[in-house]
Amino acid sequence: MTQAGVTGREAEVLALVAERLRNGEIAERLHLSVRTVESHVAALLRKLGVSDRTALVELGVQLRRTTRAENVLPVPLTSLVGRERETREVASLVDDHRLVTLVGPGGVGKTRLGLSIAAVRADWFPDGARLVDLAPVGPDLVGDTLAHALGIVPQPGWPLRDVLRDVAASMRGLLLIDNCEHVVAEVAEIVADLLAASGELRVLATSREPLGVPGEISYQVPPLPVPTARESQRVATAATFDAVRLFVDRAAAASPGFALTEVTAPAVAALCRRLDGLPLAIELAASRSRTFGPAELVSHLDQRFELLRDGARTAPPRQRTLRGAIDWSYDLLDDDERALFDRLGVFPADFDFDAARAVYADDAGGAAVMALLPRLVDKSLVSTVERATRRYRLLETIRAYARERLAASGAPDMARQQHAAHYLRLAERGAERIRTFDQRAWVLRLIIEQPNLRAGLAHTIATADSESAWRWIAALQQFWDVTGQRREAQEWIRRAQAVGEPPATPAVAAGLAAASVLLQATDSGAAFDLAKQATARAAGLDDPTRARVARALGMSAIWIQPELTLPALHQALDLLGDSHQWDSAMTMQALVQAAGELDDALRWGRRSVALFRQVGDQMLAANTLFIMAQRCMQSGIADDEVREWLTESQGLAEAAGSEEDRTHATVGFARLAWLRGDHEQAADLMEECLPTLRRLGDQRCAGRALYILGERARQQRQLEHAEKLLIASVEAIALAGQSFVLVDALEALAAVWSEQGRARHAAMLLGTAHAAREAASAGTRPLQPPDGALRRSVAEALGGAAFDAVHAEGGRLSPTQSLRVAAAEHRDDARPAAGAMPRR
């Protein structure tokens, strides 16, 4: 892009062209004239060497996908001073060893050095370098955070560490894991697993102590070199030391015109010695160069260290040095600056101006924060983070200090409450915007804010505010869903339930309904129970709330009590009327799956897609088209219209940046190829997307892929391989909830076992498949009848009475129970007791 001479504004236009927006829509989004947009589009066509807008869309999509995959490392806003030797040494260690940990005290520059190494080595690895910042993460979320850095979507019910190992086995990249000291045990366990799974993955960690993993190389990050008193007398000599160079660089930024001279060099060098060469302490001191000269800085710090020496004799010397530097910087703040700094200790990660204003309890409000926040930045107590909009952060050492000050101020509860209230409002606003043309931008914004969202929700639950907790669940439901964070969502739902019995309010009913929707893909029984709880609390409430609850009940009942589904969904539509388009579209999408007649299902699907397009929700429009294609193929229809729906779904998924929906389209194309008789292409497509489905935690579609691969192996007479694939298919789909593919997979596995001479187990599976078929609603039942020839063959092998008994036994078992019983009996049959006859 840069090499092509594309400007920043042109890049913005290209991103929106990739979303398939028209020039008028782009102009409205960017606040430009249509003519200006036309000019930018013409420039992009010329600079990027493409002939038409269609090609420009494709190029924009490819560039965006590449950017997403790279997990771009943050670009520091200040230069790295010194560390040339350390950079060379650590880079060499990373080349030769799988795990290198940068160890040292707070403020010594571990993170800055780690980012430098990662940037230097990123291009050496096919998968690049990825950053995992664990500073705002507790022990329970270490695995999830590492998973997201690897592109894994953790799901309830799937062992996370197994999935991490599977993905790590094929990864060739560098993983920078920052700030491990407070979760060392959890990081060590997972890193050991990752390294055992892959010979190509490298890990560079930063911590105040080693991880303790076998094979780990610990590199002690030293302070910056400082000159002796004798070496400080001449400016030419003092200026060669990295600590002095850092001070001069940062002092010149704070006070333009500052320079190292024969007069100032001894004092600067003495200051650096007094600060033990710790980069953070030196930067804090340098930020005061606008007010104090070097000699005055030395004097002030000496006074602070005398006080510190008396009060903290047991602390390590460098810890006392850093604490003294921060104490001194804090003491120089005025009362208003201290009040704001204390309040910033409530943030677990970076934040924006609006959030800082929300937690600062002062009548002056935004005007005061606008004046005070830049002053804290100038004094190096707050750093800026450049994203789409300016954000702010406290370095971890300073954040811990601010938390202490906030606790001592007597106002931590108020600050946490203000923080939680601000982010709950943001989450609720995001819940609305995520359903519109601003979908992509708001998903990214909420991802950035996730540490703050977690902190706000955790505070709400800790204070036993049950109603607000369910407001949070309702607000974050769609965000969790589209980003695949159902595992984390399930844990928050469990914690919200533990708060106690919530009142019957619209917020609680909406939260319970949202929780039901989140659990439908992984625990249909729990989802149905939550929907019933929501229904009980929604009686007498407003129509929109009752409609959302009815939709949740209808969607969750489809696998549990299918006779409730259609009445509930139609009730939801009646209550919504014409004024809630997104909710109506969502309800119509559910009817695509639930409607008994295909024509009815497709009619609802077309209306749903039209409404989703109208409000701007590209992800759900793509998803609805995929569901329509699935319904047709389930009925044996594999015509060109189905292909068109899948192609359109894929395009919308690309525009929305939805990897999940893009992969679903590939699954659809594979099923289409299978139905059209091209089994080789179907198997190739499923094999291609299966690792992604597993990484995304999509059990249902992974089960579909495994089923087709198992059937292909059965056709090729690879019975043992087919058995493994089909067992995995049943396990995946059974975990996700009922599906018509489950019945097909059970019957296919029964056929394999019949051919392997395991007639009893084949009969048991046929009984389980029959029960699953009968329990399914008309819209989720396989079109093809059971295989009569297979049934007759198995009955003949067992005998009629024995077949009926075993078939009935299987009908009383769940799919996973059937597999478990069959596996246990097969193991027993493999080692029969003396004189015993094996089962048939």
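Residues numbered from 1 in each chain as written. Predicted model: local features only at pLDDT ≥ 70, side-chain atom pairs only at ≥ 80, totals over all residues. Heavy atoms only, no water.

1. Details of the overall build of the protein
Inclusion rule: Secondary structure is summarised from DSSP: a helix means a run of H or I of at least four residues, a strand means a run of E of at least two, and numbering begins at the N terminus for each. Working definition: with a 1.4 Å probe on protein chains only, accessible area under 20% of the residue-type maximum means buried, over 50% means exposed, and in between means partly exposed. Note on definitions: a residue-residue contact is assigned when non-hydrogen atoms from the two residues lie within 4.5 Å. Method for areas: the Shrake-Rupley scheme with a 1.4 Å probe, in which residue coverage is limited to the protein chains shown.
Along the protein, the regular secondary structure elements total 41 helices and seven strands. In the protein, buried positions account for 55% of the 840 residues. Looking at the protein alone, contacts between residues at least 24 apart form 71% of all its contacts between residues at least 6 apart. Counting only carbon and sulfur atoms, one obtains 51% of the accessible surface of the protein, whose full area is about 35,000 Å².

2. A closer look at unusual backbone geometry
In this structure, Arg83 is a non-glycine residue whose phi angle is positive, near 70 degrees. As for its placement among the helices and strands, Arg83 is situated in the loop between α4 (53–70) and α5 (84–96). One non-glycine residue, Ala464, lies in the positive phi region at around 60 degrees. Tracing the chain through its elements places Ala464 in the loop between α22 (450–462) and α23 (466–482).

3. What about the pairing of strand β1 (residues 99–103)?
Selection rule: When DSSP finds two or more bridges between two strands, those strands count as paired.
The buried count for β1 comes to five of five residues, which makes it a mostly enclosed element. Where burial is concerned, the two faces of β1 agree: the one with Leu99, Thr101 and Val103 and the one with Val100 and Leu102 are both buried. With four bridges joining them, β1 and strand β5 (residues 217–220) adopt parallel strand pairing. The residue bridging Thr101 from the neighbouring strand is Ser218, located in β5.

4. Describing the confidence of the model for the protein
Where we set the bar: For every residue, the predictor reports its confidence as pLDDT, a number between 0 and 100.
On average, residues of the protein score 84 in pLDDT, and 89% of them reach the 70 mark or higher. Note on residues 65–71: pLDDT under 50 across the span, and twelve contacts to partners over four residues away in sequence or across chains. Long-range and interchain partners of residues 307–315, a stretch whose pLDDT sits below 50, account for eight contacts in this model, where long-range means more than four residues apart.

5. Looking at the packing of helix α11 (residues 242–254) against helix α12 (residues 265–274)
When two helices pack together, you describe them by how their axes are tilted relative to each other and by the distance separating the axes. Worth spelling out the cut-off: Note on definitions: angles span 0 to 180 degrees between N-to-C directions of axes, and those axes are lines fitted to C-alpha atoms, for helices only across the stretch in contact. Roughly parallel refers to an angle under 35 degrees, roughly antiparallel to one over 145, roughly perpendicular to one between 65 and 115, and oblique to any angle outside these ranges. Left-handed describes a crossing whose near helix is turned anticlockwise from the far helix by less than a right angle; the clockwise case is right-handed. Residue polarity follows a fixed list, in which Ala, Val, Leu, Ile, Met, Phe, Trp, Tyr, Cys and Pro are nonpolar, Asp, Glu, Lys and Arg are charged, and the others, Gly among them, are polar.
At a closest axis distance of 9 Å, the pairing of α11 and α12 adopts a crossing angle of 110 degrees. Viewed along their axes, α11 and α12 adopt a mutual orientation that is roughly perpendicular. Note that α11 runs across α12; the crossing there is right-handed. On α12, the residues touching Ala243, Val244 and Phe247 of α11 are Val268, Ala269, Leu271 and Cys272. Its residues placed into classes, the contact of α11 with α12 shows seven nonpolar, no polar and no charged.

6. Considering the pattern of salt bridges
Between side chains of opposite charge, pairing is possible as soon as their charged atoms come close. To keep things clear, this is the line we draw: Note on definitions: salt bridges are taken to be side-chain nitrogens of Lys or Arg within 4 Å of carboxyl oxygens of Asp or Glu.
Evaluation of the coordinates by the stated rule reveals 43 salt bridges. Residue Asp583 is joined to Arg551 by a salt bridge in which the shortest nitrogen-to-oxygen separation is 3.3 Å. In this pair, Asp583 is assigned in helix α29 (residues 581–594) and Arg551 in helix α27 (residues 543–557), connecting sequence segments 32 residues apart. Note on accessibility: Asp583 and Arg551 belong to one class, buried. Look at the salt bridges and you will find they share partners, linking Arg83, Arg85, Glu86 and Glu89 into a network.

7. With respect to helix α16 (residues 335–344)
The cut-off we apply is this: Polar contacts, as used here, are pairs of N or O atoms within 3.5 Å; protein pairs need one atom able to donate a hydrogen and one able to accept it. Residues neighboring in sequence count only if both atoms are side-chain atoms.
All of the buried residues in α16 are Glu337, Leu340, Phe341, Asp342, Arg343 and Leu344. The opening residue of α16 is Asp334, an N-cap whose side-chain oxygen sits 3.1 Å from the backbone nitrogen of Asp336.

8. Observations concerning the side chain of Gln589
In this fold, Gln589 is placed in helix α29. One polar contact links Gln589 to Asn623, side chain to side chain, over a distance of 3.0 Å. Only 3.0 Å separates the side chain of Gln589 from the side chain of Thr624, close enough to count as a polar contact. With sequence-adjacent residues up to four places away left out, Gln589 is seen in contact with Ser608, Phe612, Leu620, Asn623, Thr624 and Ile627.

9. Brief notes about the sheet that holds strand β3 (residues 174–178)
Taken in spatial order, the five strands of this open sheet run β2-β3-β4-β1-β5, and their pairing is parallel. Only two strands of the sheet have a single neighbouring strand rather than two, namely β2 (129–133) and β5. Between one strand axis and the next, the sheet turns by 20 degrees as a mean value, whatever way the strands run. In terms of strand pairing, β1 meets strand β4 (residues 202–207) through five bridges, oriented parallel.

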